[in-house]
Amino acid sequence: MNSERAMHILKENGFKQTKQREKLLDIFQKRSQYSAVTDLWKEFREDFPSASYDTVYRNLYTMAELGILEMTAIDGDKHFRFHCNIEGHHHHFICKQCGITKAIDVCPIADVKTVLPGGYTIENHNFEVYGICPACQ
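As annotated in an unreviewed UniProt entry, the protein chain is Fur family transcriptional regulator from Terribacillus saccharophilus. The record in UniProt for the protein chain states the following under Subcellular location (unreviewed entry): "Cytoplasm". UniProt, in the comment section headed Sequence similarities (unreviewed entry), describes the protein chain in these words: "Belongs to the Fur family."

Visitor: What am I meant to see in the overall build of the protein chain here?
Guide: When its secondary structure is counted, the protein chain shows 5 helices and 6 strands. Beginning at the N terminus, the succession of helices and strands in the protein chain can be written as α-α-β-α-α-β-β-β-β-α-β. Along the three orthogonal principal directions, the C-alpha set of the protein chain runs to about 50 × 40 × 25 Å. Per-residue burial for the protein chain yields a buried fraction of 35% across its 137 residues. Excluding contacts between residues fewer than 6 apart, the proportion of contacts in the protein chain whose partners are at least 24 apart in sequence is 50%. By element, 49% of the accessible surface of the protein chain is carried by carbon and sulfur atoms, the whole surface being about 8700 Å². One way to put it: in the protein chain the 16 positive side-chain charges average out to a point 5 Å from where the 18 negative ones average out.

Visitor: Is there a simple way to explain the UniProt feature "binding site: Fe cation" (unreviewed entry) in the protein chain in this structure?
Guide: Mapped onto this numbering, the UniProt entry gives "binding site: Fe cation" (unreviewed entry) at His-89 and His-125. These residues run over 37 residues, yet every pair of their C-alpha atoms falls within 10.8 Å of each other. Not counting residues within four places of it along the chain, the set of residues in contact with His-89 comprises Cys-107 and His-125. Of note, His-125 is situated in the loop between α5 (109-115) and β6 (128-131). Residue classification places His-125 among the partly exposed positions, given a relative accessible area of 27%. Ignoring sequence-local partners within four residues, the contact set of His-125 consists of His-89, His-91, Cys-107 and Ile-109. Here His-91 takes part through its side chain, which lies 3.4 Å from a polar atom of the side chain of His-125.

Rules used throughout
Residues numbered from 1 in each chain as written. Predicted model: local features only at pLDDT ≥ 70, side-chain atom pairs only at ≥ 80, totals over all residues. Heavy atoms only, no water. UniProt positions renumbered as here; feature names shortened; annotations may be inferred. Helix = DSSP H or I, 4+ residues; strand = E, 2+ residues; numbered from the N terminus. Buried < 20%, exposed > 50% of the residue type's maximum accessible area, 1.4 Å probe, protein only. Contact = heavy atoms within 4.5 Å. Areas by Shrake-Rupley, 256 points an atom, 1.4 Å probe, with all protein chains shown as cover. Lys, Arg positive; Asp, Glu negative; His and termini not counted. Charge placed at Lys NZ, Arg CZ, Asp CG, Glu CD. Polar contact = N/O pair within 3.5 Å; in protein donor to acceptor, adjacent residues only side chain to side chain.

In structure tokens, the structure reads:
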């Protein structure tokens with residue numbers, strides 16, 4: 001994902017191009033790792049000092065719902081990043097210190113299906129592994 005593609009998705013879904021949304025997208029364009037909402041808000045406020053935390057939070061959730069951003073929870077706090085550009089089905093290792101991610105090409109869903117009793121239909125799944133990357137150790 002990049003800022004230009006993200007803005008196109010927003011417009012396709014009836015959202016206006018605003019300076020605030022452009023700023024949020026620019027922040028993500030510079031980052032490849034997951035970032036906490038509070039960190040994003042602090043950087044956002046450099047250009048928009050009167051902006052509320054709720055405004056940033058709502059925009060982040062909207063972008064996540066539209067598939068522009070990926071969202072995860074690290075130690076109870078929501079973190080966001082641009083949706084990754086890796087094609088095909090994969091999952092992620094996420095560093096709990098720096099937020100960097102690494103694609104994992106293994107999927108445990110087949111094992112889950114074998115232990116889940118009959119009558120259940122899996123509609124979607126997400127598999128994330130949390131730990132500390134080599135650079136943060």
